[in-house]
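# Per-entry structural report
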Amino acid sequence: MTDNAFDILSETIREKLTAQNITVPTAVQNKLIPMIFEHKNMLFQSETGTGKTFAYLLPLIERLERDTDKTSVKIIITAPTFELASQINLAAKSVTDRKTALFIGGAPLKRQIETLKEKPQIVIGTPARLVELINLKKMKVSNASAIIFDETDRMVKKELIEPTTALRDSMPENIQVIACSATINPQVSKFFTETESVVMPQEDVLQKRITHWAIYAEYRDKIDTLRKFLAAENPGKALIFTSRADQVENIYQKLRFKKVDCMALHAKADKQIRKAAIDKFRSGKCRILVTSDLSARGLDIANVTHVIQMDLPHDEDFFVHRSGRTARAGKSGINVLIGDEYEMHKFALLEKKLGICVYPKEIVNGKVVAPE
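Residues numbered from 1 in each chain as written. Predicted model: local features only at pLDDT ≥ 70, side-chain atom pairs only at ≥ 80, totals over all residues. Heavy atoms only, no water.

## Quick notes on the overall build of the chain
- Per the secondary structure count, the chain includes 16 helices and 15 strands.
- Taken over the C-alpha trace, the chain has a radius of gyration of 21 Å; the compact-globule value for 372 residues is 21 Å, and the two agree within 12%.
- Over its C-alpha atoms, taken along the principal directions, the chain stretches across nearly 65 × 45 × 40 Å.
- Looking at the chain residue by residue over its 372 residues, the buried ones come to 54%.
- Sequence-distant contacts in the chain: of pairs separated by 6 or more residues, those separated by 24 or more amount to 74%.
- Counting every atom, the chain has about 17400 Å² of accessible surface; 51% of that belongs to carbon and sulfur.
- For the chain, the centre of its 55 positive side-chain charges and the centre of its 47 negative side-chain charges are spaced 5 Å apart. (Helix = DSSP H or I, 4+ residues; strand = E, 2+ residues; numbered from the N terminus. Rg over C-alpha atoms; globule rule 2.2 N^0.38 Å. Buried < 20%, exposed > 50% of the residue type's maximum accessible area, 1.4 Å probe, protein only. Contact = heavy atoms within 4.5 Å. Areas by Shrake-Rupley, 256 points an atom, 1.4 Å probe, with all protein chains shown as cover. Lys, Arg positive; Asp, Glu negative; His and termini not counted. Charge placed at Lys NZ, Arg CZ, Asp CG, Glu CD.)

Below, the structure is given as structure tokens:
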């Protein structure tokens, strides 16, 4: 393995990375870039916030830049949500001038077909829409050299397994297959049997770089406790999670009523509204974003200082993904649960299972303090 996987990359790509203050590869990038560059089929697991997107994008784009064919679809990337697909598209645009295109469900199909006439070489989208374009014979994939399944644990779940399978089956025989996620379960391994698996050593982000707090509140008092916490802590950038989609609007409206500047991210909201909310949060124009698990899965937003969980998700993986929205790219962060008695009991069990240390906190006289 090379000491610095970025040595494989052209000077142009390295300059574009430097412009983003990226000069040294992360562990997963150092390991995967040479392997992916050599056309290996890969299934890799790496903790959230460790740089998986560039781990596959950079070697594929390096190969693409050396390719004289500038008219065929060469790289296909599929992701479970509009937000993650958009984010990958932005990441690709930041390191190449080759044309990229974003294809997601819910957007006008006619406009997307027009986009294909511009001959994009990197296509990114949700699986159902990509399959639809292929089946309509609007998107030719016969010359594609690689397909990537991002957040692959979500892609093989019940709601997405059908279009994901159809997409995989519509690819040319010799295509390079890459799949990645922060968590890999047996279902994922079964779906990608003919790939080489790489599980990156745990960097213990959850244990070492995230401080976990627990604040007790009865269900009816949770939103008021949240408001007091935000006033006391004044977070630089906070993501507020709730498992129930209807609670997103409820929390948002009650915070706004109390003059708290925040935005809400709904899975059912119009794509443009969702994009506007993320853009505003990403840029720092709004420092508080209320969201559900499905909306924010895989979101890579820099400098999130606080994750606030208004409930404990049923799925342990969702807890890990939520928490991992902070402490990204080597930074540290705070993960807070505002929970009732039942949730505190569940949190204590999770604390043991995940090997984390949870500190009880309360809000007294406008300050977050340890209980006496």
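## Focus: the nonpolar core
- Counting 39 residues, the largest nonpolar core has L32, F44, Y56, L58 and I77 as the members making the most contacts within it.
- With eight residues, the top contributor of residues to this core is helix α3 (residues 52-65).
- Apart from the residues lying within four places of it in its own chain, the contact partners of F44 are V28, L32, I36, K52, A55, Y56, I178, A179, C180, S181, I184 and V198.
- Formed by 28 residues, the second largest nonpolar core is a distinct cluster that contains I113, A144, M171 and F192. (Core = buried A, V, L, I, M, F, W, Y, C linked by side-chain atoms within 4.5 Å.)

## A word on the pairing of strand β5 (residues 146-150)
- Most of β5 sits out of view: five of its five residues are buried.
- Where burial is concerned, the two faces of β5 agree: the one with A146, I148 and D150 and the one with I147 and F149 are both buried.
- Where strand β2 (residues 75-78) meets β5, four bridges bridge the pair, whose relative direction is parallel. Paired with I77 across the bridge in β5 is I148.
- Note: β5 against strand β6 (residues 176-181), five bridges, orientation parallel. Bridge pairing in β6 places I147 opposite V177. (Pairing = 2+ DSSP bridges.)

## Quick notes on the sheet that holds strand β15 (residues 367-369)
- In space, the eight strands of this open sheet follow the order β10-β11-β9-β12-β13-β8-β14-β15, with mixed pairing throughout. The strands lining the two open edges of the sheet, one partner per strand, are β10 (263-265) and β15. Within this sheet the neighbouring strands show an average axis-to-axis angle of 25 degrees, counted without direction.
- Across the face of the sheet, helix α12 (residues 245-257) comes into contact with β9 (238-242), β10 and β11 (288-292) while running at roughly 160 degrees to β11.
- Across the sheet, helix α13 (residues 271-283) touches β9, β10 and β11, and the angle it forms with β10 is around 125 degrees. (Axes fitted to C-alpha atoms, helices over the stretch in contact; angles between N-to-C directions.)

## Re helix α2 (residues 27-37)
- Across the 11 residues of α2, nine count as buried, placing the element largely inside the fold.
- Within α2, burial applies to V28, Q29, N30, L32, I33, P34, M35, I36 and F37.
- Looking at the buried side of α2, the elements it contacts are β1 (42-45), α3, β6 and β7 (196-199).
- Positive phi appears at H39, one or two residues downstream of α2, with a value of about 70 degrees.

## Points about the side chain of T164
- Here T164 is to be found in helix α8 (residues 161-169).
- Classification of T164 by relative accessible area gives buried; the value is 0%.
- A polar atom in the side chain of T164 sits 2.8 Å from the backbone oxygen of L160.
- Non-local contacts of T164, meaning those with residues more than four positions away in its chain, are made with P127, F149, M155 and F191. (Polar contact = N/O pair within 3.5 Å; in protein donor to acceptor, adjacent residues only side chain to side chain.)

## Re the pattern of salt bridges
- If you walk through the whole model with that rule in mind, you get 20 salt bridges.
- R66 serves as the salt-bridge partner of E62, at 2.8 Å between the closest nitrogen and oxygen.
- Since its relative accessible area comes to 3%, E62 is described here as buried.
- Its salt-bridge partner being D224, residue K228 comes within 3.5 Å of it at the nearest N-O pair. Taken as a pair, K228 and D224 lie in helix α11 (residues 222-233) at a separation of four residues, close to a single helical turn.
- Looking at K228, the relative accessible area reads 41%, which means it is partly exposed.
- One network of salt bridges, in which partners are shared, links D67, D69 and K74. (Salt bridge = Lys/Arg side-chain N within 4 Å of Asp/Glu carboxyl O.)

## Focus: the packing of helix α6 (residues 127-135) against α8
- It is at 8 Å that the axes of α6 and α8 come closest, and there the two elements cross at 45 degrees. Between α6 and α8, the angle falls in the class oblique. As α6 runs across α8, the sense of the crossing is left-handed. Facing P127, A128, L130, V131 and I134 of α6, the residues of α8 in contact are P163, T164, A166 and L167.
- Classifying every residue of the contact of α6 with α8 gives eight nonpolar, one polar and no charged. (Parallel < 35°, antiparallel > 145°, perpendicular 65-115°, else oblique. Left-handed = near helix turned anticlockwise from the far one by under 90°. Nonpolar A, V, L, I, M, F, W, Y, C, P; charged D, E, K, R; others polar.)

Function cannot be inferred from these measures alone, as they are strictly geometric.
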